[in-house]
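Residues per chain, in single letters:
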Amino acid sequence: MTNAAPTTGEGAFRSLTFEGLRHAYGEGEDAVQAVRDLDLHLEAGEFVTVLGPSGCGKSTLFNLASGLAESTPGQVLINGEPIAGMNPHTAYMFQHDALLEWRTVLDNVALGREFLGMSKKEARADLRDSLADFGLEGFADRHPAELSGGMRQRVALMRTYATDRPLLLLDEPFGALDAMTRVRMQEFLLRKWDQDHRTVLFITHDVDEAILLGDRLVVLSHRPATVREEIKVDLPRPRRADQLASDPRYVELRAHVMSLLHDPVEQGVSA
Amino acid sequence: MITADGLQTAPAPTAAPGEPRDGAPTEAERRAALRRRSRRRKATATRYGLPALVLLALLGLWALLSVGGIVSDLVLPTPFEVAKSLVDDRAVYWMNARVTLLEIALGAAIGVSLGLLFGVMVGLNRGLRAALYPLLVGSQSLPVLALAPILVLWLGFGIAPKVVIVVQIIFFPVTVATIQGLGAVSAEVLVFGRSLGASAWTLFWKVRVPAMMPHVFGGLKIASSYAAVAAVIAEYTGAEKGLGALMTRANSDYNIPVVFGSVVIVTVIGLGLFLLVSLLERRVTPWARRADEI
Ligand SMILES: Nc1ncnc2c1ncn2[C@@H]1O[C@H](COP(=O)(O)OP(=O)(O)OP(=O)(O)O)[C@@H](O)[C@H]1O
Ligand SMILES: [Mg+2]
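Per chain, the residues get numbers from 1 upward, laid out in the order the sequence is written. Chain A is the first chain written and ligand 1 is the first ligand written, with later ones labelled in order. Selection of residues for local features in this predicted model requires a pLDDT of at least 70, selection of side-chain atom pairs for listing and counting requires 80 or more, and totals for whole chains, interfaces and linings are taken over all residues. Think of the side-chain values as coming from all heavy atoms in the structure, minus any hydrogens and water.

## Examining the packing of aromatic side chains
Reasoning step 1: Any Phe, Tyr or Trp ring, taking Trp's six-membered ring, that has another such ring centre within 6.5 Å forms a pair; planes under 30 degrees apart are called stacked, those over 60 apart edge-to-face, and the others tilted. Under the counting rule described, the total for this entry stands at 13 aromatic pairs over all chains.
Reasoning step 2: Judged by centre distance (5.8 Å) and plane angle (65°), the ring pair of Phe 134 of chain A and Phe 188 of chain A falls under edge-to-face. A residue pair is termed long-range when its members are at least 10 positions apart, and Phe 134 of chain A in the loop between helix H4 (127–130) and helix H5 (149–161) and Phe 188 of chain A in helix H6 (residues 179–196) qualify at 54 residues. Neither Phe 134 of chain A nor Phe 188 of chain A differs from the other in exposure class; each is buried.
Reasoning step 3: Residues Phe 118 of chain B and Phe 171 of chain B carry aromatic rings whose centres are separated by 5.5 Å and whose planes lie at 50° to one another, so their mutual orientation is tilted. Of the two residues, Phe 118 of chain B is situated in helix H3 (residues 90–124) and Phe 171 of chain B in helix H6 (residues 160–183); the sequence distance between them amounts to 53 residues.
Reasoning step 4: Owing to a relative accessible area of 22%, Phe 118 of chain B belongs among the partly exposed residues under this scheme. Segments assigned H or I by DSSP are reported as helices when at least four residues long, segments assigned E as strands when at least two residues long, and all are numbered from the N terminus. Partly exposed describes any residue whose relative accessible area lies between the buried limit of under 20% and the exposed limit of over 50%, with all areas from a 1.4 Å probe on protein chains only and scaled to the type maximum.

Written out as structure tokens, the structure reads:
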């Protein structure tokens with residue numbers, strides 16, 4: 001499962017487009033505009049990181065992408081066609097691993113597949129053997145409480161991967177980890193991504209993480225979120241955090257992104 | 001383990017492939033597990049040993065006060081008199097305890113079912129919650145036990161009014177715990193599930209129900225410690241049989257050892273219920289960390 005290419009054929013996922021997305025919570029005077037006039041395009045296989053101030057509407061953007069929230073007006077398009085209802089290509093992963101404490105590692109990994117409607121047996125079929133790919137061999141029958149933070153996030157990542165959905169919505173997946181574990185997880189994710197090039201949208205608050213991981217980096221404005229700038233990360237892959245630190249191009253990119261985030265004009269815009 | 005191209009080389013003997021260093025349990029982790037086990041054993045000793053000591057000390061104090069004649073045996077029988085009564089009058093105790101146990105069993109079955117049902121309905125429906133939750137909490141200031149005589153008037157001297165009281169006592173903590181349990185579900189798992197097309201029914205059984213169980217057991221424990229007392233007090237207000245009836249009768253006959261004997265039995269029933277719920281809890285929610293575990 002883990003090495004399987006995203007579904008091929010007619011319905012295969014080729015691109016994702018956001019066209020003038022808008023979303024508000026509440027109505028009338030109390031309405032909170034979370035996303036406004038947001039445009040973005042992703043080709044299958046891209047790794048795009050999304051950077052934005054906290055509360056600007058990043059998670060809302062993901063809910064629009066998955067179809068859990070609706071854009072009015074504006075559209076989410078898959079392969080150029082607007083989607084109605086749920087997006088059949090997405091799978092989430094979150095900062096708080098949201099593992100089920102009563103399930104073993106194996107059963108947690110199978111959860112996404114059970115949600116997709118597979119029988120328990122079918123859902124677990126090849127998963128036990130794949131645990132090693134996520135550094136979880138020998139832990140199939142342990143419970144989340146027995147795992148380290150990094151391992152828990154690998155369980156969550158594997159659970160998301162195991163859905164075989166081609167478009168991964170990773171919402172600050174490593175945000176709660178300590179710095180060392182975080183770097184390890186970043187490199188781990190890059191290795192995984194290198195194997196089957198799923199399309200990844202990756203939200204983060206961390207500039208270094210955004211540059212290390214992404215083919216492209218999307219900087220969002222304060223709320224309501226709109227794309228301030230798209231930055232191509234023209235650093236060769238494979239990348240390693242320790243080697244990038246001294247790369248002049250990396251330093252340059254980093255300075256640019258930091259200046260965007262600290263732009264005083266932009267900071268006053270939140271309303 | 002990680003080469004410049006970001007892929008794994010052949011696995012090093014100490015680390016498995018794909019493993020960023022913290023995969024297999026290390027020596028330190030194994031030792032920690034052993035330490036946890038021995039700590040648990042010590043905790044068990046503290047858990048049962050200390051309370052047993054305190055209990056013995058209290059019994060000693062009681063014996064001292066009563067046998068020593070510091071307190072008249074008209075109001076405080078000796079532990080030995082009580083023990084003797086428990087043995088000699090066991091048929092009488094059993095006949096009455098049976099009735100009380102039946103009231104508790106019926107009340108618990110109905111109260112837990114209603115509490116779960118109501119809790120789930122209110123917990124899953126925001127509108128219902130807004131409308132009913134404040135009323136539910138407010139209803140707790142109703143002096144239900146004080147209403148027991150009226151219940152007897154309505155429902156007679158049989159077990160019906162006692163069952164109603166037990167139901168009412170159990171219903172509240174179970175309902176509140178269920179509502180809280182449903183609220184404690186990770187919103188992110190629900191989002192993960194919904195985005196994959198999981199139905200509300202699937203999410204309910206696979207996520208919400210197991211997640212709420214530790215809370216429900218918290219409520220059940222509280223309920224279990226009230227249930228026996230509630231049944232007995234309900235019996236005070238008018239009953240032919242039951243430990244509460246036995247106590248009121250013995251009290252007016254100045255048969256103080258029987259009063260105390262009944263108290264002992266009610267205590268044992270209460271403890272037994274609590275233990276039963278705790279055992280069930282371990283069975284059903286072995287993963288949950290319990291706050292009342294030392
Ligand atoms: N269900 C909701 N009802 C009302 N307002 C909401 C809701 N969800 C989010 N909001 C508001 O919309 C705005 C955007 O929220 P969102 O969660 O998308 O931001 P975010 O960028 O993901 O934040 P963070 O950095 O904290 O993860 C915030 O101001 C938030 O308070
Ligand atoms: Mg968010």
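## Topic: the sheet that holds strand S4 (residues 75–78) of chain A
All names here are of chain A.
Reasoning step 1: With antiparallel pairing, four strands are arranged side by side in an open sheet as S2-S1-S4-S5. In this open sheet, the two edge strands, each paired with only one partner strand, are strand S2 (32–43) and strand S5 (81–82).
Reasoning step 2: Here a strand pair is declared whenever DSSP counts at least two bridges between the two strands. As judged from the two bridges shared by S4 and S5, these two strands associate in the antiparallel manner. Bridging from a neighbouring strand, Leu 77 pairs with Pro 82 of S5.
Reasoning step 3: In what follows, residue pairs with any heavy atoms lying within 4.5 Å of each other are defined as contacts. What counts as an axis is a line fitted to C-alpha atoms, over the stretch in contact for a helix, and the angles between N-to-C directions run from 0 to 180 degrees. On top of the sheet, helix H1 (residues 58–66) reaches strand S1 (15–25), S2 and S4; it is set at about 120° to S1, its chief contact.

## Here we look at the packing of helix H2 (residues 79–88) of chain B against helix H10 (residues 256–284) of chain B
All names here are of chain B.
Reasoning step 1: Where H2 contacts H10, the axes come no closer than 8 Å and their chain directions differ by 75°. When the axis of H2 is compared with that of H10, the two are roughly perpendicular. Along its contact with H2, which presents Glu 81, Val 82, Ser 85 and Leu 86, the element H10 presents Pro 257, Val 258, Phe 260, Gly 261, Val 264 and Ile 265.
Reasoning step 2: A class-by-class count of the residues in the contact of H2 with H10 yields seven nonpolar, two polar and one charged. Orientation categories follow fixed angle ranges, with anything under 35 degrees roughly parallel, anything over 145 roughly antiparallel, 65 to 115 roughly perpendicular, and all other angles oblique. For this classification, Asp, Glu, Lys and Arg are treated as charged, while Ala, Val, Leu, Ile, Met, Phe, Trp, Tyr, Cys and Pro are nonpolar and the rest, including Gly, are polar.

## Things to note about the pairing of strand S6 (residues 90–94) of chain A
For a regular strand, the rule is simple: side chains alternate between the two faces of the sheet.
All names here are of chain A.
Reasoning step 1: A large share of S6 lies buried, amounting to five of its five residues.
Reasoning step 2: In this sheet, strand S7 (residues 167–171) lies alongside S6 in parallel orientation, the contact comprising five bridges. Looking across to S7, one finds that Tyr 92 is bridged to Leu 169.

## Describing the site of ligand 1
Residues and elements named next belong to chain A.
Reasoning step 1: The immediate surroundings of ligand 1 are formed by Tyr 25, Ala 34, Ser 54, Gly 55, Cys 56, Gly 57, Lys 58, Ser 59, Thr 60, Glu 172, His 205 and Arg 223.
Reasoning step 2: Between Lys 58 and ligand 1, the recorded distance is 2.8 Å, taken from a backbone N or O atom to an oxygen atom.
Reasoning step 3: Polar contact is the term for a pair of N or O atoms within 3.5 Å; when the atoms are in protein, one must be able to donate a hydrogen and the other to accept it, and sequence-neighboring residues count only if both atoms are side-chain atoms. Here an oxygen atom of ligand 1 and a side-chain polar atom of Thr 60 are 2.5 Å apart.
Reasoning step 4: The method behind every accessible area is Shrake-Rupley, applied with a 1.4 Å probe, and residues are considered shielded solely by the protein chains displayed. Against a free-state accessible area of 630 Å², the protein chains account for coverage of 58% of ligand 1.
Reasoning step 5: For the shell around ligand 1, the leading source of residues is H1, giving three residues.
Reasoning step 6: Tallied by class, residues from the shell around ligand 1 come to three nonpolar, six polar and three charged. A single heavy atom is enough: if one lies within 4 Å of a molecule or strand, its residue is considered near that molecule or strand.

## Observations concerning the domain arrangement of chain B
Residues and elements named next belong to chain B.
Reasoning step 1: Considered domain by domain, chain B is made up of domain 1 (25–74) and domain 2 (77–293).
Reasoning step 2: Taken over C-alpha atoms, the centre of domain 1 sits 27 Å from the centre of domain 2.
Reasoning step 3: Facing the eight residues of domain 1 at the interface are eight residues of domain 2.
Reasoning step 4: The quantity reported as buried area is the accessible area (1.4 Å probe) lost by two parts once they are put together, taken as the sum for both. Buried area between domain 1 and domain 2, summed over both chains or domains, comes out near 670 Å², and the portion from carbon and sulfur atoms is 67%.
Reasoning step 5: When the area that domain 1 buries against domain 2 is broken down by residue, the three leading residues are Arg 47, Trp 62 and Asp 73, summing to 58%.
Reasoning step 6: Salt bridges are defined as contacts in which a side-chain nitrogen from Lys or Arg sits within 4 Å of a carboxyl oxygen from Asp or Glu. Inspection of the domain 1/domain 2 interface yields zero salt bridges.
Reasoning step 7: Counting across the domain 1 and domain 2 interface gives one residue pair in polar contact (both at pLDDT 80 or more).
Reasoning step 8: Among the residues forming the side of domain 1 that touches domain 2, the class breakdown is five nonpolar, one polar and two charged. Segmentation of the chain into domains, including their bounds, is taken from an automatic or database domain assignment.

## Overview of the sheet that holds strand S8 (residues 199–204) of chain A
All names here are of chain A.
Reasoning step 1: Strand order in the open sheet made by the six strands is S6-S7-S8-S3-S9-S10, with mixed pairing throughout. Two strands in the sheet have a free side with no partner beyond their single neighbour: S6 and strand S10 (227–232). Neighbour-to-neighbour, the strand axes of the sheet open up by a mean angle of 20°, direction not taken into account.
Reasoning step 2: Here strand S3 (residues 47–51) pairs with S8 via five bridges, running parallel.

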